[in-house]
Amino acid sequence: WKPNRQMILVLGAVYSAMLVVFIRWMTFFDFLSARLTYPAHLALVLLVMIGIQGGFQRLHKVFRAMLGGIVVFIAIVISGYISYIQIFGVITFAPEKTIALQGEPFQIGDIEFMGYSLNPPQAQPDETIQMTLCWRSLSSEKLPVPYIVAINVVDTEDTKFYRYESYPASGAYTDWQPERAFCERFDLISENRVEQGRTYLIRLDLIDPITLEPLPSIRETSIIGNLVVSGIPRTRPPVADFQGIYLLDYEVSYPNDNRVSLSLDWGTGDWVAQPVTLFVHLIQDGNLVGQLDSPLGVPVHPSQFWGQNVETIRTTHTLDIPDGDFQIYMGLYNTTTLERLNLTIPPNETALDNRLLITSGANE
């Protein structure tokens, strides 16, 4: 076989380019499967084999068999890689450039938690929820220990609804690279059915695999964010409109002679989500004799997580009532600015001081 100049140049260029890229790729990983799944390296082998086959016409059957073997090998490796992704998730580099993250970054041992994202951002019952966690090694050397990550989605009573436990990017990132960031993506495992119109807490712990103890964190809490489950579409008209937060219905009851209980059904129209506080005023002879202030929806489903045009939750509030005649008013104000939300009573009636009269009564 006498290779011509063009053949030598092509094969030499392919060898050089693939070798440089292959060496660069190896700086990311220390795990064997990453090398086996490197597609450009396999493409290099194919190109070289094809180039050599062109010169050995008499051995074409041998080279065809070898090429067929490489194809089978690629199929096996790809199948294994797909299974690997299903178990350990997908690795993504340079997360700060490609992924919009939620949560506040914080340090756990030699590791920085950079943030997370959820897909979809607001869930529905029985829906698969995909989560992405992003990490960065703060050590100047490789971290030899494959820390265990534990994600739990819980309610305020610590009932578990979703979970995930694994080594962060186990395998492809067993030795965390010094000062390098990466993300892993996985599906949360359902434990219990979530309810519509609820907000759940996402708790993250990084566990030392030797001691099985949580790594020390600079934060006082392991809660990194919230999983919000959308409410049902709103069908009831509002009794009162507080700038897009709707009071859909209410009930007044008297558990005993000295107490009044208010049950309030809430929903939304087109509104800008924000933290809102409910106030209830107890008035007697024109004077304020009792008051209640409660962040709306906390802790079950805080108002800042309410969606658009949905029915959210029912809140219940109780007050002590004095002897004699009294009136009960309620309203909402922005938790941050303390400004009351404008009240409109359908179809287009405004209310004095942006308060709604709930009931008038007499306690004999």
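Residues numbered from 1 in each chain as written. Predicted model: local features only at pLDDT ≥ 70, side-chain atom pairs only at ≥ 80, totals over all residues. Heavy atoms only, no water.

Draft legend 1. Here's a closer look at the overall build of the protein. Helix and strand content of the protein: five helices and 22 strands. Relative to its 364 residues, the protein shows a buried fraction of 42%. Partitioning the contacts of the protein with sequence separation of at least 6, the portion at a separation of at least 24 is 68%. Accessible surface, the protein as shown: approximately 19500 Å² in total, 55% of it carbon and sulfur. (Helix = DSSP H or I, 4+ residues; strand = E, 2+ residues; numbered from the N terminus. Buried < 20%, exposed > 50% of the residue type's maximum accessible area, 1.4 Å probe, protein only. Contact = heavy atoms within 4.5 Å. Areas by Shrake-Rupley, 256 points an atom, 1.4 Å probe, with all protein chains shown as cover.)

Draft legend 2. Spatial organisation of the packing of aromatic side chains. In the structure shown here, the tally under the stated rule is five aromatic pairs. Aromatic pair Phe106 and Phe113: ring centres 5.3 Å apart, planes at 45°, arrangement tilted. Like Phe113, Phe106 is buried. Look at Phe161 and Tyr200: their rings are 4.7 Å apart centre to centre, the planes differ by 50°, and that puts the pair in the tilted class. Taken together, the residues Phe161 in strand β7 (residues 160-166) and Tyr200 in strand β10 (residues 198-207) connect sequence positions 39 residues apart. When sorted by exposure, Phe161 lands in the same class as Tyr200, which is buried. Ring pairing ties together the aromatic residues Phe106, Phe113 and Trp135, which thus form one cluster. One residue, Arg355, lies across the ring of Tyr329, its end atom 4.5 Å from the ring centre. (Phe/Tyr/Trp six-rings, centres within 6.5 Å; stacked < 30°, edge-to-face > 60°. Lys NZ or Arg CZ within 6 Å of the ring centre and 35° of its normal.)

Draft legend 3. Spotlight on the sheet that holds strand β16 (residues 276-284). Strand order in the open sheet formed by four strands is β17-β16-β19-β22, with antiparallel pairing between adjacent strands. In this open sheet, the two strands that pair with only one neighbour each are β17 (287-295) and β22 (356-363). Each adjacent strand pair in this sheet contributes to an overall mean axis angle of 20°, direction not counted. As judged from the seven bridges shared by strand β19 (residues 324-334) and β22, these two strands associate in the antiparallel manner. When the bridges of β22 are listed, Phe326 appears paired with Gly361. (Pairing = 2+ DSSP bridges. Axes fitted to C-alpha atoms, helices over the stretch in contact; angles between N-to-C directions.)

Draft legend 4. Examining the pairing of β17 more closely. Bridge count between β16 and β17: eight bridges; the pairing is antiparallel. Within β17, the position partnered with Val280 by the bridge is Leu292.

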